[in-house]
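Observations on the three-dimensional arrangement
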Amino acid sequence: MQFKHVTLDFDGNVAILKLDHQEVMNAVSVDMLGGLGEALDEIDDRKADVRCLVLTGAGRAFCTGANLQGRNNQLTKARSNAGATLETAFHPFLRRLQNLHCPIVTAVNGPAAGAGMSFALMGDLILCARSSYFLQAFRRIGLVPDCGSTWILPRLIGKARSVELSLLGEKLSAEKALEWGLVNRVYDDAALMDETMKLAHELANGPTIALSLIRKLYWESPENSFEDQINLEVKSQRAAGASPDFKEGVAAFLEKRPAKFTGQ
């Protein structure tokens with residue numbers, strides 16, 4: 001399915017959402033954000049069937065940040081107004097990813113810069129091509145990091161490395177990102193999508209309700225006290241324990257067979 005600068009495909013229970021504006025290395029425009037919203041609407045409509053989302057880029061790049069090209073560029077105008085488009089377009093997309101009903105795997109197939117780096121880091125599992133890299137590009141054009149990067153980065157790699165990336169604006173290779181704990185796995189470029197789809201299908205065949213609750217627990221954990229978090233675990237465990245997948249998981253364990261989860 002084709003939306004504005006976005007492609008959405010389905011491979012069984014896996015949705016593949018691809019940033020697809022190759023002329024500008026998948027830089028984000030207002031049109032692309034609209035296309036992403038429409039694609040997520042389609043995924044919501046198929047919620048019962050979609051049990052994992054893969055987010056990647058078309059061509060040579062994952063996403064090179066905001067599209068600043070063009071004399072009448074809406075993003076350029078909005079940035080001069082203290083980030084109005086952040087509130088009206090970028091943030092709603094990021095929130096929808098955070099609250100998605102199923103796991104997200106990002107396949108970083110090339111440069112992930114600026115907002116593109118934030119998009120990549122929204123994945124529950126982040127897989128990279130060996131040639132890919134990350135870049136906090138904002139300082140190069142006199143802006144500050146946005147799209148949640150100043151929240152996500154310190155929690156993944158600590159303050160010192162986060163500030164270094166943002167102040168110096170240096171490229172971070174996929175291998176170094178793996179060493180720092182920013183990403184989960186690095187593959188040879190030609191193998192990235194095959195390995196991504198293997199992992200995505202493994203997740204899609206899992207207990208979707210429990211996986212969704214796991215996502216929520218880890219998103220909320222950084223801001224919770226220990227007491228708040230263990231209370232949230234109780235609430236989440238009750239919800240997971242009420243699902244048919246829990247019954248199937250226990251039965252499969254006792255019968256010494258692979259579980260056949262339905263995502264219900």
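Scroll up to find the structure.
The notes below deal with the structure included here.

Rules and cut-offs
All residue numbers here refer to positions counted from 1 along the written sequence of the relevant chain. Per-residue local features are limited, in this predicted model, to residues with pLDDT of at least 70; the limit for side-chain atom pairs, both in listing and counting, is 80 or more; totals at the level of whole chains, interfaces and linings are taken over all residues. Only hydrogens and water are removed before side-chain values are computed, so all heavy atoms of the structure are retained for them. DSSP-based pairing: two strands are paired if at least 2 bridges between them are found. By the criteria applied, helices consist of DSSP H or I runs no shorter than four residues and strands consist of E runs no shorter than two, each listed in order from the N terminus. Two residues form a contact once any of their heavy atoms are found within 4.5 Å. Comment: axis = line fitted to C-alpha atoms, over the contacting stretch for helices; angle = value between 0 and 180 degrees taken between N-to-C directions. Accessible area is worked out with a 1.4 Å probe on protein chains only. A residue is then buried under 20% of its type maximum, exposed over 50%, and partly exposed in between. Only the six-membered ring of Trp is used, alongside the rings of Phe and Tyr, when aromatic pairs are assigned; centres must lie within 6.5 Å, and planes under 30 degrees apart are stacked while those over 60 apart are edge-to-face, with the rest tilted. Charge-over-ring placement is defined geometrically: NZ (Lys) or CZ (Arg) within 6 Å of the ring centre, and within 35 degrees of the ring normal. Note that the term roughly parallel is reserved for angles under 35 degrees, roughly antiparallel for angles over 145, roughly perpendicular for angles of 65 to 115, and oblique for everything else. Each crossing is labelled by how the near helix is turned from the far one, with a counterclockwise turn of less than a right angle marking it left-handed and a clockwise turn marking it right-handed. Residues are grouped as follows: nonpolar covers Ala, Val, Leu, Ile, Met, Phe, Trp, Tyr, Cys and Pro; charged covers Asp, Glu, Lys and Arg; every other residue, Gly included, is treated as polar.

1. Looking at the sheet that holds strand β10 (residues 185-187)
- The mixed open sheet is built from seven strands, whose spatial order is β1-β2-β3-β4-β5-β7-β10. Of all strands in the sheet, those bounded by a partner on one side alone are β1 (2-3) and β10.
- As judged from the four bridges shared by strand β4 (residues 52-57) and strand β5 (residues 104-108), these two strands associate in the parallel manner. Within the sheet, the bridge partner assigned to L55 lies in β5 and is T106.
- Running at roughly 160 degrees to β4, helix α8 (residues 192-204) makes contact with β2 (6-11), β3 (14-19), β4, β5, β7 (125-129) and β10 of the sheet.

2. Let's talk about the environment of A39
- For A39, the position within the fold is in helix α1 (residues 30-45).
- For A39, a relative accessible area of 0% translates into the label buried.
- Along the sequence, A39 and C52 sit 13 residues apart, while their C-alpha atoms lie 14 Å from each other.
- Those residues in contact with A39 that lie beyond four places of it in its chain are F3, V6, L8 and L17.

3. Some points on the packing of aromatic side chains
- Within this structure, the stated rule accounts for three aromatic pairs.
- For the pair F90 and F119, a centre-to-centre distance of 6.4 Å together with 45 degrees between the ring planes defines the contact as tilted. Pair noted here: F90 is in helix α3 (residues 84-98) and F119 is in helix α4 (residues 115-121), with a separation of 29 residues, a long-range link.
- Taking relative accessible area as the criterion, F119 reaches 0% and is therefore assigned buried.
- Aromatic pair W151 and W219: ring centres 5.9 Å apart, planes at 20 degrees, arrangement stacked. Separated by 68 residues along the polypeptide, W151 in helix α5 (residues 149-157) and W219 in helix α9 (residues 208-220) bring together distant segments of the chain.
- On the basis of relative accessible area, W151 is assigned to the partly exposed category, the value being 30%.
- For W219, a relative accessible area of 16% gives the class buried.
- Each residue in the set F90, F93 and F119 is aromatic and connected to the rest through ring pairs, giving one cluster.
- Sitting above the plane of the F10 ring, R46 keeps its charged end 4.1 Å from the centroid.

4. A closer look at the packing of α5 against helix α6 (residues 159-168)
- Packing of α5 against α6 brings their axes to within 7 Å, and their N-to-C directions diverge by 135 degrees. Between α5 and α6, the angle falls in the class oblique. The chirality of how α5 crosses α6 is right-handed. Counting all contacts with α5, which are made through L153, P154 and I157, the residues of α6 involved are K159, R161, S162 and L165.
- Here the contact of α5 with α6 is composed, by residue class, of four nonpolar, one polar and two charged.

5. Let's talk about the packing of α1 against α3
- Packing of α1 against α3 leaves a shortest axis separation of 10 Å and a crossing angle of 30 degrees. As summarised for this structure, α1 and α3 are arranged roughly parallel, according to the angle between their axes. Read as a crossing pair, α1 and α3 show a hand that is left-handed. Taking contact as the criterion, the partners of V30, L33, L36, G37, L40, D41 and D44 in α1 are, on α3, T85, A89, F90, F93 and R96.
- In the contact of α1 with α3, the residues fall into seven nonpolar, two polar and three charged.

6. Examining the environment of A137
- Structurally, the position occupied by A137 is in the loop between β8 (133-135) and α5.
- Using a relative accessible area of 22% as the deciding quantity, one classes A137 as partly exposed.
- Sequence spacing of A137 and F119 is 18 residues, and the spatial spacing of their C-alpha atoms is 14 Å.

7. Side note on the pairing of β5
- The element β5 is largely enclosed, with a buried count of five among its five residues.
- Covered by surrounding structure in β5 are I104, T106 and V108 together with V105 and A107, the residues of both alternating faces.
- Two elements, β5 and β7, share four bridges in a ladder whose sense is parallel. Of the residues in β7, the one forming a bridge with A107 is L127.

8. Some thoughts on the sheet that holds strand β6 (residues 112-113)
- Spatially, three strands are ordered β6-β8-β9 in an open sheet, and the strand pairing comes out mixed. What marks the edges here is a single partner per strand, and that holds for β6 and β9 (172-173).
- Bridge count between β8 and β9: two bridges; the pairing is antiparallel. In the strand pairing of β9, Y133 is matched with S173.

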